[in-house]
Amino acid sequence: MSREIADFLTEKGVPAWLQEELVQAYTVQPVALGPFEFSSVAELIYHNTGEPYGVFCDSGYLNLAYGPSGDHIATELATGMMFIVNHDEFWEYYSESGVTHPPDVRTRMINPNLDFNAFWLRAALEPDFPCDAYEAEEIWPRYMQETDGTIP
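Residues numbered from 1 in each chain as written. Predicted model: local features only at pLDDT ≥ 70, side-chain atom pairs only at ≥ 80, totals over all residues. Heavy atoms only, no water.

**Brief notes about the environment of Ala32**
With respect to the element layout, Ala32 can be found in strand E1 (residues 31-33). Ala32 sits 34 residues away from Tyr66 along the chain, and the two C-alpha atoms are 9.7 Å apart. (Helix = DSSP H or I, 4+ residues; strand = E, 2+ residues; numbered from the N terminus.)

**Looking at the pairing of strand E5 (residues 82-85)**
Here E5 shows two buried faces, one formed by Met82 and Ile84 and the other by Phe83 and Val85. Counting the residues between successive antiparallel strands, the hairpin from strand E4 (residues 72-76) to E5 contains five residues, one of them, Gly80, with a positive phi of roughly 80°. Pairing between E5 and strand E6 (residues 109-110): two bridges, direction antiparallel. Bridge assignment links Val85 to a residue of E6, and that residue is Met109. (Buried < 20%, exposed > 50% of the residue type's maximum accessible area, 1.4 Å probe, protein only. Pairing = 2+ DSSP bridges.)

**Quick look at the confidence of the model for the protein**
Scored by pLDDT, the protein has a mean of 80; 82% of the residues are at 70 or more. Here residues 147-152 scores under 50 on pLDDT; set against residues more than four positions off or in separate chains, the count is four contacts. (pLDDT = per-residue confidence, 0-100. Contact = heavy atoms within 4.5 Å.)

**Some thoughts on the environment of Ala118**
Looking at the element boundaries, Ala118 is found in helix H6 (residues 116-125). Classification of Ala118 as partly exposed rests on a relative accessible area of 27%. For the pair Ala118 and Met82, spaced 36 residues apart in sequence, the C-alpha to C-alpha distance is 9.1 Å.

Have a look at this one:
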């Protein structure tokens, strides 16, 4: 792994166990795993910094991969739990809201209740594993519903 990616992961507070996993997963080119594609090293940095992607790391998540429809796959840094982020809703809110800050990304997340390794194992082995946020929401709940801005 390049010094740039190692510094980025450390700066963003990525736990050591996850850094070790990512060392093995990330390459110069995206890598397919089941229906998902791990971002390349450059994409990993891009999809976690600046507007609007900085909201992932600012909220305690790392945007790791994407599905065939463009939905983001993120992990919660504190727990290693995985989430599918509905990119249609994320971008629709961001581009149409007229606000200068992105939405609470957690309200766009579908929660499969799987940790890092279980998520990727099931994605690779189960042919009917949901790879789209709309499919995923049919069987798994939203992580957090829209609120008045306060965290329940």
